[in-house]
Amino acid sequence: MDFSLSQNQTLIRKSAREFFENECPKEKTRSLIKDPIGYDRSMWQKMVELGFVGIQIPDEFGGMQGEFLELEILMEEMGRSIVPGPYFETVCMCAPALMAFGTGEQKRKFLPGIAEKGTIWTFALDETFSCHSSQSNQVKARETDQSFVLSGTKLFVPYANTADQMLVAARTRQEKSFEDGITVFIVDAHCPGIEIEEMPTAAPGLKCEVRFNNVNISRDSHLGHIGGGAGIVDQMVQHAGVLKAAEMAGGAASALEIALKYAKERIQFNRPIGSFQVMQHKLVKMLQEVDGLRHLVREAAWRINAGESSPILNAMAKVKANNAYHRVCFDAVVIHGAIGWTAEMDVSLYLLRSKDLENDCGGTDFHREIVARELDNCRPDFLAINA
């Protein structure tokens, strides 16, 4: 397996890095934390025009027909610049779900809007006792002769207040198994009966509480078949989790670069603090974390790109990202000393971001359970050889 970038992928990385560094300096990121919509509309439109939003959507629907690896590169570059906005939810979660599980009519109706106009989508999954899993889903979709009626509350729904469409995981029937009876619906975010309230957070990335008060949706608005949504949610969370890990890897790499630059410039006892062995050890440890995370994410993304998605690698990448990103950012703050904890320093933004992204697409415990389950179910190679 060759993890080196192609010429086209190298160009994508270069152009994306230049674009995000110019369009989203840290001052803009700070200003968007308290912005009512949480992202820059003009920057979003430029991303649409550059093809970033439609990078993986087939050209027949107005997209660039790129590969999963190219989307992974974009997410890493967005992580480097801490770019707030609905890109991840729209492009990394909802668009792939529409491509994989939508009907031909649904694809023709919705995908061109994403690729060509930048229609904003979000995914409503988490509830009071949920951790990005369909198992605890209690929002109900009651079937009638003419429609489905949604009722219940979803929490931590990103950018719901500006979304045009939502994918909503709801329970259409009660089964003995928690995973059965879940259906994923396409819901117009402006339907009567939907109430949206912003949830206050400290980090970039607007989250909302969404209440469905007997919301009527058409009978043909579901992805896949009725009651088969758990598999859709699982694939969405696994593949998007790798992309979220790529974003975190980019953030960790940027935090390391900031810390290294500071260690070279900060003079103490008439010499740069980076010349002290204890600082060098810390920086080397941070580099090991960043490189290890990058290689793990790259392998998981490579396998998805090749059509050989590995649940255990996908889960391992997110677990590693949750831990490595925070450790690198914490050490970067420590290298800066007391001033590193202040809001004016860029490293503090990365530290906040590391905790903010930790539970996106499942927290550490959620993915560790997947790793344990996969290890429990696997059959060692030596047993297969001797059989």
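Anything mentioned here points back to the structure above.
Per chain, residues are indexed from 1 in the order of the written sequence. Local features in this predicted model are restricted to residues of pLDDT 70 or higher, and side-chain atom pairs are both shown and tallied only at a pLDDT of 80 or more, whereas totals for entire chains, interfaces and linings draw on every residue. Derived side-chain values reflect all non-hydrogen atoms in the structure, with water molecules and hydrogen atoms excluded from consideration.

### Points about the state of the cysteines
Two cysteine sulfur atoms form a disulfide, by the criterion used here, when they sit within 2.5 Å. A full pass over the atoms with the stated rule returns zero disulfides. Considering cysteine sulfurs only, Cys329 is the nearest to Cys24, which forms no disulfide, with 16 Å between them. Classification of Cys329 by relative accessible area gives buried; the value is 0%. In this scheme, a residue with accessible area under 20% of its type's maximum is buried, one over 50% is exposed, and one in between is partly exposed, where area comes from a 1.4 Å probe on protein chains only.

### So, the packing of helix α9 (residues 311-336) against helix α11 (residues 364-377)
As a rule, the C-alpha atoms of each element are fitted with a line to give its axis, helices using only the stretch in contact, and angles between N-to-C directions run from 0 to 180 degrees. The way it works is that DSSP assigns letters per residue, a run of H or I at least four long becomes a helix, a run of E at least two long becomes a strand, and they are numbered from the N terminus. Interhelical geometry of α9 versus α11 gives an angle of 145° and a closest axis separation of 9 Å. Crossing handedness for the pair α9 and α11: left-handed. Residues Pro311, Ile312, Ala315, Met316, Lys318, Val319, Asn322 and Asn323 of α9 form the contact with α11, whose own contacting residues are Thr364, His367, Arg368, Ile370, Val371, Glu374 and Leu375. Grouping the constituent residues of the contact of α9 with α11 by class yields eight nonpolar, four polar and three charged. Handedness of a crossing is defined here by the sense of rotation of the near helix relative to the far one, left-handed for an anticlockwise turn of less than a right angle and right-handed for a clockwise turn. Any two residues having at least one pair of non-hydrogen atoms within 4.5 Å are treated as being in contact. Put simply, Ala, Val, Leu, Ile, Met, Phe, Trp, Tyr, Cys and Pro go in the nonpolar bin, Asp, Glu, Lys and Arg in the charged bin, and everything else, Gly too, in the polar bin.

### Brief notes about the packing of aromatic side chains
Two rings from Phe, Tyr or Trp (for Trp, the six-membered ring) form a pair when their centres are within 6.5 Å of each other. A pair whose planes differ by under 30 degrees is stacked, one over 60 is edge-to-face, and the rest are tilted. Summed over the entire model, instances satisfying the criterion amount to nine aromatic pairs. For the ring pair Phe269 and Phe276, a centre distance of 6.5 Å and an interplane angle of 90° mean the geometry is edge-to-face. Classification of Phe269 as exposed rests on a relative accessible area of 66%. A relative accessible area of 25% places Phe276 in the partly exposed class. In this structure an aromatic cluster arises from ring pairing among Phe19, Phe20 and Phe52. For a lysine, the NZ atom is tested; for an arginine, the CZ atom; a charge sits over a ring if that atom is within 6 Å of the ring centre and within 35 degrees of the ring normal. In this arrangement the basic side chain of Lys244 is found over the ring face of Phe88, its NZ or CZ atom lying 4.0 Å from the centre. If you follow Arg271 out to its NZ or CZ, it ends over the ring of Phe276, 4.4 Å from the centre.

### Brief notes about the side chain of Thr172
When you line up the elements, Thr172 lands in the loop between β4 (165-171) and β5 (182-188). Under this definition, polar contacts are N or O atom pairs within 3.5 Å; protein pairs additionally need one hydrogen-donor-capable and one acceptor-capable atom, and for neighbouring residues in sequence, both atoms have to be side-chain atoms. For Thr172, the side chain forms a polar contact with the side chain of Thr183, separated by 2.9 Å. For Thr172, the contacting residues outside a window of four places in its chain are Ala141, Phe148, Gly181, Thr183, Phe185, Ile226 and Gly227.

### Some remarks on α11
A helix is expected to span 1.5 Å for every residue after the first. Helix length check: α11 (14 residues) gives 20 Å between terminal C-alpha atoms against 20 Å at 1.5 Å per residue, within 8%. Structurally, α11 contributes buried residues whose contacts are with α7 (229-265) and α9.

### Overview of the packing of helix α1 (residues 7-23) against helix α4 (residues 68-81)
Where α1 contacts α4, the axes come no closer than 9 Å and their chain directions differ by 25°. Classed by the angle they form, the pair α1 and α4 counts as roughly parallel. For the pair α1 and α4, the crossing hand works out as right-handed. Contacts from Asn8, Gln9, Ile12, Arg13, Ala16, Arg17, Phe20 and Glu21 of α1 reach α4 at Leu69, Glu70, Ile73, Leu74, Glu76, Glu77, Met78, Arg80 and Ser81. The residue makeup of the contact of α1 with α4, split by class, is seven nonpolar, three polar and seven charged. Any angle between 65 and 115 degrees counts as roughly perpendicular, while under 35 counts as roughly parallel, over 145 as roughly antiparallel, and the rest as oblique.

Any functional reading would require information that these geometric values do not contain.
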